[in-house]
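# Fold and contact review
Next come the chains, spelled out residue by residue.
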Amino acid sequence: MASKAKKHREELKQEDILQAVVIADSFNVRFTPLTQEKPRVLLPLVNTPLLDYTLDFLCSAGIDEVFVFCCHHADLIKSHIKASKWSKDSSTCQVTVIVSEDVMSVGDCLRDIDAKDLITSDFVLITGDVVSNMDLGAIIEKHKERREKEKFCIMTMVMKRALPGHRSRCGETDPVLAIDVDGGRILHYQNTQGAGKRLEFPTHVFLERGQVALHYDLMDCELSICSPTVAQLFTDNFDYQTRDDFVRGILINQDIMGNMIYLHRADDTYASRVTNLSMYDVVSKDILSRWTYPLVPDLTEKGSYSYGRHNIYLHQENVTLARGCELSQNVVIGEGSTVGMDTHIANSVIGRNCKIGKDVKIEGAYLWDGVVVGDGCIVARCILADAVQLCERVTIEAGCVVSYGCVVGPHRVVPAGTLLSLTPIWDFTLDTADEEAEEDDDDDDASSFASSLDDDDGDGGGGRDDVDGRDSPPADDARQFYAEVLDSLQRGVDEDVRADNLVLEVNSSKYAYNVTMRELNTLVTRAVLEMPHIRAGGDDDAAALTPPQLMLQLKPLLVKFAPILSNYFKSADSQLDCLNALEEYSLGCSSTAAVLAKVLHYLYNEEILGEQVIMQWYTKCQHADLKSQVQPFITWLQEAEEESGSDEESE
Amino acid sequence: MPASDQNSVELEEKVEELNNKLKTGGFTGSYDIANSTLRLLRKVIAGSKWNNARELMDRVKSVGKLIVASQRSETSVGNMVRRVLKLIREEYARCRGNPEGGDVQSESLHRMFTDNAKTEDYSVPILNVDFKAVVIEAVNEILIELENSADNIAMQALEHIHSDEVIMTAGRSRTVEKFLKQAARKRRFQVIVVECAPFYHGQELAWSLADAQIDTTVITDSAVFAIMSRVNKVIIGTHSVMANGGLKSINGSHTIALAAKYHSVPMIVCASMFKLSPVYLCSSDQAAFNKFVSPHSVLDFADGKLMSKVHVTCPVFDYVPPELVTLYISNIGGNAPSYVYRLLSELYHPDDQDL
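Residues numbered from 1 in each chain as written. Chains lettered and ligands numbered in written order. Predicted model: local features only at pLDDT ≥ 70, side-chain atom pairs only at ≥ 80, totals over all residues. Heavy atoms only, no water.

Our working definition: UniProt positions are given in the numbering used here, feature names are shortened, and annotations may be inferred rather than shown by experiment.
By the naming in an unreviewed UniProt entry, chain B goes by Translation initiation factor eIF2B subunit beta and is assigned to Priapulus caudatus. UniProt's Subcellular location (unreviewed entry) comment on chain B is quoted here verbatim: "Cytoplasm, Cytosol".

You'll find chain A entered in an unreviewed UniProt entry as Translation initiation factor eIF2B subunit epsilon, with Priapulus caudatus given as the organism. Its UniProt record gives chain A the following Subcellular location (unreviewed entry) comment, quoted word for word: "Cytoplasm, Cytosol". UniProt, in the comment section headed Sequence similarities (unreviewed entry), describes chain A in these words: "Belongs to the eIF-2B gamma/epsilon subunits family."

Set out below in structure tokens:
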């Protein structure tokens, strides 16, 4: 049997097989505490695990081979796939699980794939939480056609129109694109989330082109068709962490490297990602109102659900509805569940084997399997995970998440936005922020963004090497790397080497000494600061330079290295690394401390450091004297912000 | 035994493929569905292991159930499974030297009382002939009938369409398209095509007819009643014909049928025999009668503010009651809707009505 299957696959190999890479890890903790026991891709969305939607979509699109990349709770994903229909011999699509404990980002996954040499032709890159019904085959066909004509077309990104304020715009990405109108080539891509109110487009976007369209009405489906070179490019540029990094990198270098990215607009089909709790709510609603057809409960579950007027989906086995209960609209009731008398349910999903008592009101709630709701409860928009028990007359207000096995009540009121869990919750603020993202989107952007990055260790499993440069001396490799970087930079100034080449040099040294991104950020900053001292005559005389002298020396260096710094400090946490390195260095050198405010000002002006990151660093900084040094700059920054804020309002 | 294992795996793969295609709507019409189902069932008969007719029927039934479950609204799948089951019964009876056995027509009140003791259980193996080959041969015959059905219907076109008539049709039915084109070879007439929003298949039909030099006009769905007084005949296709002679056809058909009734315009329905299904419509909310697709053709998904406030239902089919239909044209000739029950009893065995 096995040999037959193998033979069959060999036959397939000879043809052009279609491959897909599914990233089954989110590398963040948006779903804690729910993800403490299950990986995100196995959380039920309308009573079906999220991953099944993605795999179903890929298989029905005619993909022959799917690689599922996972690290957090990999064993659960593995056993899920093993038990699923995709592991049967009759499956038209082969699903392989790849476990890699130490991958920390999409970039790492692709580097791993490149190292394992799994990709043979154009492939689909998708995350494990996409729900979509688009005709992928046609998009792949188009991509291939384009590549035939233009061999540098390395990626087709799929996006969908959704006007600002659309419920499916998840609030985590807010892309602005510049597109060549004929051909659909992407010329510029920018994620405006947290970028402030001013947008800039490089002039080359508009040069020598008939028509350029600027789009703010597109929603990224996190779905792209990639040529095999994409994986190689990730390997070559180890600083690409996310797909956004990659896209930005390609677009910046498109004149040099010639690589191009195209856009495919899938406006009349559905595609959405379950990135956070509010998206969970939105996508569930879309499924219930059949936007995702044919991925709707009455078709995906092999006809085990019946579909009735007002989008009522009832499992055909053992669902008991007592007399007088009212299912008003958009309701799914899973296998073996019972609903008591005079209960009212609307816009909700009830899982398997749930028991709902008498006189209950459930509106907009997601009940997973085995939930017990006592008589007289009122449940608003919330998630009740597996085996939650609500005793009599419990009220759950909107925005709550009750994790596995909690027992609540009786006669309790759970206030809005509460997280309940039996195990300690990793980060409390984050999830409430997500849940209420729709209501307040102003203040939490920066904090949730930064904390999500901080939290990478928690969900990612492997844990990033925490380099605390403050008191521990750099490790051997790092020290050598530092020397190397210093050398490169020195030479860069002496021989006037181009910034691009310097970046390449630094990157290759990073490889050679195997230092982490974080170390690199710290050390590059440090190297730039140290250079004036070395030029003035070595470490011993460091104090000899007076602050004005130092500034005089440092200024041209900063100007020279600005492109390099902006290349590395793209994300908020790398900028934070940079600031920490500045802080650390200033502590050891009084003249640097004196010019710190000026350096910050310069870096801020050059848009290397973002305002929010600076403010964040400032509030966390514990050295009072240093704080007083940069105080003038911070005050200036705050005033500028208020001014621009009031400007906006007055307009 | 590796050979049979291989066969069964291959079969499962084929079933899975068909299921997938049904689910995602990869078929262009119910003819394609019926055809693929029949071909698959032929493979089931040829490729799986069975010792007598009973086992074969169970096997066909179980595969049939699987395919039906993947898209319940596609009735032609079930119809084909029932056709094959009936055919196995007939061939069994014939091979056992009992030509009356599978014949339902002879079942009458009188017979029910006289020999009720004798019920056939189809478990006796047939030794003197190659039963498998006989059954496959019979399935091939149905396939041929299926392939010729549209042509056979088109052959009757000249009896129904006369010179200078105004014909109204709706949506895009391949059978009707052939029917009209066949008539257009001999006669000149005008066709009015209802576009059938939101799918606009009518516009496709209009293109195709115009290419064949037929005088064609496209109208919106709302203009049907206004135009009806000028029409001589309504000729539409259908998705399936219900057991009572009613229609399950593209949405908008009911409006057309009512308008036709009001203006006393004959309503002619072209439907091959494979569309006859032994299913009744009991309530307008009957599960698995209709197909509800994504609302994107009605409402723009991008318009978020509106989208999250409204509830859009997008049904594909309409039910047209039999009293609004004047005549069915099938591949074996024209019949009144009241006669459909009779055709059904010829096509399917009563025991197979429930799959």
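Read on for the rest.
## Structural notes on the sheet that holds strand S5 (residues 94-99) of chain A
All names here are of chain A. Note the following rule: Criterion used throughout: strands pair if DSSP finds at least two bridges between them. Per the convention used, a helix needs a DSSP run of H or I reaching at least four residues, while a strand needs a run of E reaching at least two, with both numbered from the N terminus. Axis lines are fitted through C-alpha atoms, for helices just across the contact stretch, and the angle between N-to-C directions can take any value from 0 to 180 degrees. By definition in these notes, contact holds between two residues if any of their heavy atoms fall within 4.5 Å.
Here we have seven strands laid out as an open sheet, ordered S5-S4-S1-S6-S12-S8-S13, and mixed in their pairing. Looking at which strands have only one partner, the edges of the open sheet turn out to be S5 and strand S13 (260-265). Strand after strand, the sheet turns through a mean of 25° between neighbouring axes, direction not considered. In the sheet, strand S1 (residues 19-23) pairs with strand S6 (residues 123-127) via five bridges, with the strands oriented parallel. Following the sheet pairing, Val-22 is matched in S6 by Ile-126. Contacts between helix H7 (residues 243-252) and the sheet are confined to S6, strand S8 (153-161), strand S12 (218-226) and S13, with S8 contributing the most and set at about 120° to the helix.

## Describing the interface of chain A and chain B
Formally: When two parts are brought into contact, each loses some accessible area as probed by a 1.4 Å sphere; the total of that loss over both is the buried area. Basic side-chain nitrogens of Lys or Arg form a salt bridge, by our definition, when they fall within 4 Å of a carboxyl oxygen of Asp or Glu. Within 3.5 Å is the distance limit for a polar contact, defined as a pair of N or O atoms, with the added protein rule that one can donate a hydrogen and the other accept it, and that residues adjacent in sequence qualify only through two side-chain atoms.
Listed as interface residues are 34 residues of chain A and, on the opposing side, 34 residues of chain B. In total, chain A and chain B occlude about 3,300 Å² of area from one another, counting both sides; carbon and sulfur atoms represent 57% of this. Remark: the boundary between chain A and chain B carries two salt bridges. Between Asp-56 of chain A and Lys-23 of chain B there is a salt bridge, and its shortest N-O distance comes to 3.6 Å. Linking chain A with chain B are eight residue pairs in polar contact (both at pLDDT 80 or more). For the side of chain A that touches chain B, the secondary structure elements donating two or more residues are helix H1 (2-14), helix H2 (50-60), S8 and helix H10 (297-300) of chain A.

## Here's the deal with the side chain of Ser-284 of chain A
All names here are of chain A. With respect to the helices and strands, Ser-284 occurs in helix H9 (residues 277-288). A polar contact is formed between the side chain of Ser-284 and the backbone oxygen of Tyr-280, at a distance of 2.7 Å. Setting aside its immediate chain neighbours within four residues, Ser-284 contacts Leu-45, Val-46 and Tyr-366.

## Overview of the confidence of the model for chain A
Residues and elements named next belong to chain A. We count it as follows: Each residue carries a pLDDT value, the predictor's own confidence for that position, ranging from 0 to 100.
Of all residues in chain A, 86% attain a pLDDT of 70 or more, and the chain-wide mean is 80. Across residues 428-474, confidence stays below pLDDT 50; counting only partners more than four residues off in sequence or on other chains, it has 72 contacts. Of the regions scoring below 50 in pLDDT, residues 645-651 engages in one contact with residues more than four places distant in sequence or in other chains.

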